[in-house]
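Structure assessment
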Amino acid sequence: MRKFLTIICILSVLTGCMKINEIQFQSYAVGMGIDYQNDEYHVVLQFLDFSNVAKMDQGKSDESSPVWIGEGKGKTVEDAIIKIYHGIQIPVNYDQISVFVFGKSVLENRLSKTVEALDTNFNIRLTGWVYGTEEPVEKIFTTKVPFNYAYTNARIVQPEYMQQQDSSIPALSLQGLVYQLHEKTKTILVPSISTNDAIMNHDKDKLPVTIFNGAYLMKGAKLKGHLNEKDLKGFIRVNNKSVRSPVIFSDRNAGKEEFVQIELLNPKIKRMVNKDENGIQMGLDITISAIVRESSKEILSPTIKRQIKEEIRKEVYDGYLKSQKIGGDIYQFEDYMYRFMHDDWKSSQTSGKFPILNKKDIHVDIAPLKSINRINAGIDTPLNNRK
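Residues numbered from 1 in each chain as written. Predicted model: local features only at pLDDT ≥ 70, side-chain atom pairs only at ≥ 80, totals over all residues. Heavy atoms only, no water.

**Some words on the packing of aromatic side chains**
In total, this model carries 8 aromatic pairs according to the counting rule given. Summarising the aromatic geometry, the rings of Y320 and F333 are spaced 6.4 Å apart at their centres and angled 85° between planes, so their arrangement reads as edge-to-face. Taken together, the residues Y320 in helix α8 (residues 301-325) and F333 in helix α9 (residues 333-340) connect sequence positions 13 residues apart. By relative accessible area, which is 4% here, Y320 ends up buried. (Phe/Tyr/Trp six-rings, centres within 6.5 Å; stacked < 30°, edge-to-face > 60°. Helix = DSSP H or I, 4+ residues; strand = E, 2+ residues; numbered from the N terminus. Buried < 20%, exposed > 50% of the residue type's maximum accessible area, 1.4 Å probe, protein only.)

Spelled out as structure tokens, the structure:
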């Protein structure tokens, strides 16, 4: 009897599962877009139709996955979000949010305040990826993913996945942006995106998709400008987060133009900042692997290596000059000096003369250069160093 009473007492103080919100009774926000127009925040929340996703077989539906958009305007970010709550009807769950898209007006004038508002909102996770755009944010969130995959399979939601095939601007999380935003010497590259309906078609119907088109350069929470992917080609090829980038060389042989397709893989870049009696010299040491993917002529290894090195050196230096022109520093030389050579950095700030990178101080090492074994494409063989 005593044991029975003891069990009853224990059960009476144990808590049960109460007020559980089931999946179908919540709205799952997977993306948030923020713009600033006419002295108001314009917030767009993208919702996933979870009932449709739950019916998918092997991650894919036999019909297009619908996207729901909620829009609200207000004097603050939270005020705009509350306007969406007025019409959403069911509670909003932010656990799946994975994309934050900022309009150009936010990047220009309101980024610090906007990021602070998101950082202090305990419902919103900071692990989502950050992008900038000049297009309406609702247009970004209504693009499609080919083969009827859900929007959660879009490249901007999983940017690191496609780096294996086509490397672009390194992904930036909202948490990473928060950490770096007020570092006065740090140049932040916020990937920029736009829409394009000229690449993919569903039968004969154009399919609008989201593409990367460059990056916005931020420094000290201020927008310095925008560089497109062509401007940043060298940076994309050699940054430590790059995996694969293709490059084409052309050569005229007997009046006919020949092309060589090279695949650049797994680069490693290191800043070199040295001080001697001549002052401070800055340089870049770049090590990268290369594979000859396609060629219509016989290739000499030393010749193609020289071409690759010169092309990479040119592209890296062009990107440095273009970022410097708008007040950016994509290779983070100033930040390096600020942290490890602070007295020299202060002297440079006082004199207004900051050390510059010279093209001759960009060193590129191709290690190794390989060709594809045409009999067994799964095996790479070193290219013969024929003279």
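**Focus on the nonpolar core**
Counting residues in hydrophobic clusters, the biggest one holds 39 residues, and the most contacted among them are I262, I308, I312 and Y331. Elements that contribute at least two residues to this core include exactly β8 (205-219), α7 (233-238), β10 (244-253), β11 (256-276), β12 (279-295), α8, α9 and β13 (357-372). With 7 residues, the single largest contributor to this core is β12. Among residues more than four places away in sequence, those in contact with I262 are S245, P246, V247, F249, A290, I291, V292, I304 and I308. Counting residues in hydrophobic clusters, the runner-up holds 34 residues, among them L111, L126, V130 and L177. (Core = buried A, V, L, I, M, F, W, Y, C linked by side-chain atoms within 4.5 Å. Contact = heavy atoms within 4.5 Å.)

**Notes on the environment of M218**
Tracing the backbone shows M218 in strand β8. By relative accessible area, M218 is classed as buried at 0%. Spatially, the C-alpha atoms of M218 and G328 are 7.5 Å apart, while their sequence positions differ by 110 residues. Beyond its immediate stretch of four places on either side in the chain, M218 contacts L107, L111, K186, T187, I188, V190 and L223.

**Let's talk about the pattern of salt bridges**
Inspection of the entire model under this criterion finds 17 salt bridges. Put simply, E183 and R339 hold a salt bridge, and the shortest N to O gap is 3.2 Å. With E183 in the loop between α6 (174-180) and β7 (187-202) and R339 in helix α9, the pair connects residues that are 156 residues apart, well separated along the chain. A salt bridge links K314 to D318; the nearest nitrogen and oxygen atoms lie 3.1 Å apart. Pair noted here: K314 and D318 are both in helix α8, with a separation of 4 residues, about one helical turn. Classification of K314 by relative accessible area gives partly exposed; the value is 40%. Exposure remark for D318: the relative accessible area of 27% places this residue in the partly exposed category. Among the charged side chains, a salt-bridge network with shared partners connects E183, K186, D335 and R339. (Salt bridge = Lys/Arg side-chain N within 4 Å of Asp/Glu carboxyl O.)

**Re α8**
When the terminal C-alpha atoms of α8 are compared, their 36 Å separation across 25 residues agrees well with the 36 Å that a helix rising 1.5 Å per residue should span. All buried positions along α8 are accounted for by S301, I304, I308, I312, R313, E315, V316, Y317, G319, Y320 and S323. G327 sits one or two residues past α8 and shows a positive phi near 95°. (Expected span 1.5 Å × (residues − 1).)

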